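# Tertiary structure, described
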Amino acid sequence: MNLIVLLNVLSLFFCLVAFCFIIVYFMKRPSFRGEGTFLILLALIPCYVNISNIFEHGLLIDYFDEYEGFFKDLYAMILLIFLYISSIKKEQKTRLAHEHQIKSDLKLKSKLLTEIHHRVNNNLQIISGLMSLQIESEKDAKLTSSLNLIQNRIQAIASVHKIIYGSPNLLYVNLNQIFTLILSNLKITYLKENVDIELRELVEEGLEMDLDRAIPIGLILNELVSNCFRHAFKIEHKGIIEVSLGKLEEEFVLVVSDNGIGMDVDSEEKGIGLMLVRNLVKQLQGTILIGTQKGLTFEIRFPIKNMNPLKI
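This section reports on the structure supplied with the text.

Reading the values: the criteria
- Residues numbered from 1 in each chain as written.
- Predicted model: local features only at pLDDT ≥ 70, side-chain atom pairs only at ≥ 80, totals over all residues.
- Heavy atoms only, no water.
- Helix = DSSP H or I, 4+ residues; strand = E, 2+ residues; numbered from the N terminus.
- Polar contact = N/O pair within 3.5 Å; in protein donor to acceptor, adjacent residues only side chain to side chain.
- Contact = heavy atoms within 4.5 Å.
- Expected span 1.5 Å × (residues − 1).
- 1 Å grid on protein atoms, 1.4 Å probe; cavity = no way out; pocket = protein on both sides within 12 Å on 5 of 7 lines; lining within 4 Å.
- Points joined across faces, edges and corners; volume = space filled by probe spheres on them.
- Nonpolar A, V, L, I, M, F, W, Y, C, P; charged D, E, K, R; others polar.
- Phe/Tyr/Trp six-rings, centres within 6.5 Å; stacked < 30°, edge-to-face > 60°.
- Buried < 20%, exposed > 50% of the residue type's maximum accessible area, 1.4 Å probe, protein only.
- Pairing = 2+ DSSP bridges.
- Axes fitted to C-alpha atoms, helices over the stretch in contact; angles between N-to-C directions.
- Patch = residues over 30% accessible without salt bridge, like charges linked within 9 Å, V, L, I, M, F, W, Y side chains within 5 Å.
- Areas by Shrake-Rupley, 256 points an atom, 1.4 Å probe, with all protein chains shown as cover.
- Salt bridge = Lys/Arg side-chain N within 4 Å of Asp/Glu carboxyl O.

Note on placement: Arg153 falls in helix H4 (residues 141-165). Engagement of the side chain of Arg153 in a polar contact is seen with the side chain of Glu223, the distance being 2.7 Å. Discounting residues that sit within four places of it in the chain, Arg153 has contacts with Leu219, Asn222, Glu223, Ile272 and Leu276.

Okay, structure coming up:
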């Protein structure tokens, strides 16, 4: 047996061993089937070449030699295909790893943002609680009234943060929930003293707003309804306060009205309440209309789409 035949026998043996290993790995790893199929072919084609050389140099039979060139070309083509598929799979694995990392980072940032809103809400509640203690200890009615107003504003801001950290969406917040929570706080504050006043709510379902405009609209609602409770009705007089929010074309429309004694709008311009409302409406890039017939009506319109969105 000459050296060429011996080398081809050894090569054939190693190719068959490689073929067996590929088959076993192929069975254990179903995800390897794409590359594995080409590896099987890459292990079998050299077997044909080795057998052809063994017959040619050992048995002097050159029958297989006629197709040897074709199988060598086929081997080169399959090798190129295998390398291409292998590179594609590596790119896919890298991309999937990056996507997984991005999702993990987003999940972490969402948790951090949620925790921030949660802590802000807790801190505001602590401040509100301290103010409650101060209010209870004060005997000056005017000072107590001012502190109650400040406390309600703090509660309005806290209500928005409470809704945000309980929401799965950290970009938009449910206006129905904000309105319900703020109005509930105002009822607790004022209806115990004004049992003859009825608060009616009509808020369209499914309304959402971006976070950077949620606090201004919450403060506007708190300010207008608070003013209705405090100034619209004389003592022991019955009255109705109506709050409605909906969409009209490309705008949100908020209407707060009462059937009370009304007010002189010009005389209230110096007060912080209406000034605060006007500034907040301007911040929302909206408009405010005030009607003084049969009580007082505030109609506020502002765009549904935020012209200066929050960038994260």
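Additional details are given in the paragraphs that follow.
Now for H4. Along an α-helix, a turn takes 3.6 residues, which lines up residues three or four apart on a common side. In a regular helix each residue adds 1.5 Å, so 25 residues correspond to 36 Å; H4 covers 36 Å between its end C-alpha atoms and thus fits that length. Its side-chain oxygen 3.0 Å from the backbone nitrogen of Lys142, Asp140 forms the N-cap of H4.

Here the focus is unusual backbone geometry. Positioned with a positive phi, Glu249 is a non-glycine residue whose angle comes to about 60°. With respect to the helices and strands, Glu249 occurs in the loop between strand S4 (239-248) and strand S5 (251-258). You will see that Lys294, though not glycine, has its phi angle at about 55°, which is positive. Among the secondary structure elements, Lys294 is positioned in the loop between strand S6 (287-291) and strand S7 (296-303).

Turning our attention to empty space enclosed by the protein. Per the stated rule, a full pass over the model turns up one cavity of 30 Å³ or more. The computed volume of the largest cavity comes to approximately 40 Å³. In terms of lining, the largest cavity is formed by Asn152, Gln155, Ala156, Ile182, Asn185, Leu186 and Asn222. Elements represented by at least two residues in the lining of the largest cavity include exactly H4 and helix H5 (175-190). The class makeup of the residues in the lining of the largest cavity is three nonpolar, four polar and no charged.

Let us now look at the packing of aromatic side chains. Tallying each qualifying case throughout the model produces two aromatic pairs. With a centroid separation of 5.2 Å and 10° between ring planes, the pair formed by Tyr190 and Phe229 is classed as stacked. One end of the pair, Tyr190, is in helix H5; the other, Phe229, is in helix H6 (residues 211-231), with 39 residues separating them in the sequence. Here the two residues Tyr190 and Phe229 agree in accessibility, since each one is buried. Aromatic side chains Phe252 and Phe302 sit 5.4 Å apart centroid to centroid with 40° between the ring planes, which places their arrangement in the tilted category. Here Phe252, found in strand S5, pairs with Phe302, found in strand S7; they are 50 residues apart in sequence, far enough to count as distant. Here the two residues Phe252 and Phe302 agree in accessibility, since each one is buried.

Time to look at the sheet that holds S7. The strand order across the open sheet built from five strands is S2-S4-S5-S7-S6, with neighbouring strands paired in mixed fashion. Two strands bound the open sheet, and with one partner strand each, they are strand S2 (197-203) and S6. Ignoring strand direction, the axes of neighbouring strands in this sheet form an average angle of 10°. Relative to S5, S4 runs antiparallel, the two being bridged by eight bridges. Bridge assignment links Glu242 to a residue of S5, and that residue is Ser257. The sheet strands contacting H6 are S2, S4, S5 and S7, and the helix crosses S5 at an angle near 15°.

One ladder, built from seven bridges, connects S2 with S4; its direction is parallel. Looking at S4, one finds that Glu201 is bridged to Val243. Between the antiparallel neighbours S4 and S5 lie two residues, among them Glu249 with a positive phi of about 60°.

Summarising the sheet, S6 and S7 pair through five bridges and their orientation is antiparallel. Its bridge partner lying in S7, Ile290 is registered against Phe298.

The next thing to look at is a nonpolar patch on the surface. Taken together, Leu3, Leu6, Leu7, Leu10, Phe13 and Phe14 make up a surface patch of nonpolar side chains, about 630 Å² in accessible area. You can see Phe14 is positioned in helix H1 (residues 3-28).

With that out of the way, let us pick up the side chain of Ser257. Within the secondary structure, Ser257 sits in strand S5. Sequence-distant contacts of Ser257, defined by excluding residues within four places in its chain, comprise Ile240, Ile241, Glu242, Leu296 and Thr297.

Tracing the sequence through the fold places Val243 in strand S4. Overall, the relative accessible area of 1% leaves Val243 in the buried class. Along the primary structure Val243 and Leu224 are separated by 19 residues, whereas in three dimensions their C-alpha atoms are 9.6 Å apart. When residues no more than four places from it in sequence are discounted, the contact partners of Val243 are Phe179, Leu183, Leu199, Arg200, Glu201, Leu202, Leu221, Val225, Leu254, Val255 and Val256.

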